[in-house]
Amino acid sequence: MKQWSTLLVFLFLSLSLSAQKGYEKDVFVSSKGDSLCYRMIHPESVKPGEKFPLVLFLHGAGERGNDNEKQLANGGQMFLNPVNQEKFPAFVLVPQCPVNKYWAYPERPKSFVPADMPVGQEITPIFQTLKQLLDSYLAMPEVDKQRVYIIGLSMGAMGTYDLVARYPEIFAAAIPICGTVNPSRLAVAKDVKFRIFHGDADNVVPVEGSREAYKALKAAGTDVEYIEFPGCNHGSWNPAFNYPGFMDWLFKQKKKR
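My aim in this report is to walk through the structure given alongside it, one point at a time. (Residues numbered from 1 in each chain as written. Predicted model: local features only at pLDDT ≥ 70, side-chain atom pairs only at ≥ 80, totals over all residues. Heavy atoms only, no water.)

**Concerning the overall build of the chain**
When helices and strands are counted, the chain shows seven helices and eight strands. Computed over its C-alpha atoms, the radius of gyration of the chain comes to 18 Å, within 12% of the 18 Å expected for a compact globule of 257 residues. Referenced to the eigenvectors of the C-alpha coordinate spread, the extents of the chain come out at roughly 55 × 50 × 40 Å. Counting over 257 residues, the chain shows a buried share of 52%. Contacts in the chain between residues at least 24 apart in sequence constitute 71% of all its contacts with a sequence separation of at least 6. As displayed, the chain offers around 12300 Å² of accessible surface, 55% of which is attributable to carbon and sulfur atoms. Measuring between centres, the 29 positive side-chain charges of the chain sit 2 Å from its 26 negative side-chain charges. (Helix = DSSP H or I, 4+ residues; strand = E, 2+ residues; numbered from the N terminus. Rg over C-alpha atoms; globule rule 2.2 N^0.38 Å. Buried < 20%, exposed > 50% of the residue type's maximum accessible area, 1.4 Å probe, protein only. Contact = heavy atoms within 4.5 Å. Areas by Shrake-Rupley, 256 points an atom, 1.4 Å probe, with all protein chains shown as cover. Lys, Arg positive; Asp, Glu negative; His and termini not counted. Charge placed at Lys NZ, Arg CZ, Asp CG, Glu CD.)

Here it is in structure tokens:
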């Protein structure tokens, strides 16, 4: 039994390290002096004149901290897969939310019921800093401004809805997974393509969060698809990342000029 425990610890550490290998580590400091830990991947080779997509990945509440590592726990390996790197070369930004913060809101919302979610709140300081980091990449000539994507899990999915509602002109596509939002905020995002995932047995963020978001986006004329996993609890990012064509769908999206 002890040998099995040691082996499991070794495998966990190996997977953790493999998710970190290939990600550069840095800390961004905003114009106000606020700092944000983040990891990044650049395309392996960039020739003059070439442009590549940019993916912004927002983790969930369980990966908050200041170690600049935990944010890679769920989904980080996906962008290091050699096949994916060859087929979908891209800039990938994975920031880490501090442990006492909550991406889109000053604190954890008291209710995740869609109608109870906040409307009209000012952008949070952490998102102000993140927006400056994002802008610094959008200013790079190697980044394809027509192919900017955002993916978020749980708290990060709430952040995904928030950023897309605030800056719909930036994003070509969004993938919120097991998130929620006040659906009244989404009409402005009608030109962003959405693929929404949720488990119908989620006991942390109610599945109505994604169902109502889908209905609001559909009513606004958005190109939106909703995939619901029967019997799946809150960890619906696992089947989402393994959903057929997950990466193909994302990287074929492009904003209309």
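**Here we look at the environment of lysine 190**
Looking at the element boundaries, lysine 190 is found in the loop between strand S6 (173–177) and strand S7 (193–199). Sequence separation of lysine 190 and aspartate 223 is 33 residues, and the distance between their C-alpha atoms is 7.5 Å.

**So, helix H3 (residues 125–138)**
With 14 residues, H3 should cover 20 Å at 1.5 Å per step; its first-to-last C-alpha distance of 20 Å lies within 8% of that length. For H3, the secondary structure elements touched by its buried residues are strand S1 (24–29), strand S2 (35–41), strand S3 (52–58), strand S4 (91–95), strand S5 (143–153) and helix H4 (155–166). (Expected span 1.5 Å × (residues − 1).)

**Concerning the nonpolar core**
In summary, soluble globular proteins display a tendency toward joint burial of nonpolar side chains. Counting residues in hydrophobic clusters, the biggest one holds 49 residues, and the most contacted among them are Leu54, Phe127, Leu163, Phe171 and Phe194. For this core, the element with the highest residue contribution is H3, accounting for seven residues. Those residues in contact with phenylalanine 171, other than ones at most four positions away along the chain, are Leu134, Val148, Tyr149, Ile150, Leu163, Val164, Val192 and Lys255. One finds Phe88, Ile151, Phe246 and Trp249 within the second-largest nonpolar core, a separate group that totals 32 residues. (Core = buried A, V, L, I, M, F, W, Y, C linked by side-chain atoms within 4.5 Å.)

**A short note on the environment of asparagine 66**
Structurally, asparagine 66 can be placed in the loop between S3 and helix H2 (82–87). As a C-alpha pair, asparagine 66 and cysteine 37 span 29 residues in sequence and 6.7 Å in three-dimensional space. Filtering out sequence-adjacent residues up to four positions away, asparagine 66 remains in contact with Cys37 and Gln96.

**Observations regarding the pairing of S5**
Of all 11 residues that make up S5, nine are buried, and the element is covered over most of its length. Bridge analysis of S3 against S5 gives six bridges, and the strand direction is parallel. Residue pairing across strands places leucine 54 opposite valine 148, the latter belonging to S5. One ladder, built from five bridges, connects S5 with S6; its direction is parallel. Bridging from a neighbouring strand, leucine 153 pairs with isoleucine 177 of S6. (Pairing = 2+ DSSP bridges.)

**Some points on the side chain of histidine 234**
Turning to its location among the elements, histidine 234 is positioned in the loop between strand S8 (224–229) and helix H6 (237–241). The exposure class assigned to histidine 234 is buried, which follows from its relative accessible area of 13%. At 2.8 Å, the side chain of histidine 234 forms a polar contact with the side chain of aspartate 202. Once residues lying within four places of it in the same chain are set aside, the contact partners of histidine 234 are Ser154, Cys178, Asp202, Val204 and Val205. (Polar contact = N/O pair within 3.5 Å; in protein donor to acceptor, adjacent residues only side chain to side chain.)

**What to know about the pattern of salt bridges**
A side chain with one charge may pair with a side chain of the opposite charge, provided their charged atoms come close. Per the stated rule, a full pass over the model turns up 11 salt bridges. Between arginine 185 and aspartate 162 there is a salt bridge, with the nearest N and O atoms lying 2.9 Å from each other. Of this pair, arginine 185 sits in the loop between S6 and S7 while aspartate 162 sits in helix H4, and the two are 23 residues apart along the sequence. Judged on exposure class, the residue arginine 185 and its partner aspartate 162 are both buried. (Salt bridge = Lys/Arg side-chain N within 4 Å of Asp/Glu carboxyl O.)

**Concerning the pairing of S4**
Side chains on a regular strand alternate between the two faces of the sheet. Of all five residues in S4, five are buried; the element is thus mostly enclosed. Residues of S4 alternate between two faces, with Phe91, Leu93 and Pro95 on one and Val92 and Val94 on the opposite face, all of them buried. Note: S2 against S4, four bridges, orientation antiparallel. The partner of arginine 39 across the bridge, within S4, is valine 94. Across three bridges, the pairing between S3 and S4 is parallel. Along S4, the bridge assignment pairs leucine 54 with phenylalanine 91. Read from S3 through H2 to S4, the crossover connection turns out right-handed. (Right-handed = clockwise from strand over helix to strand, strands pointing away.)

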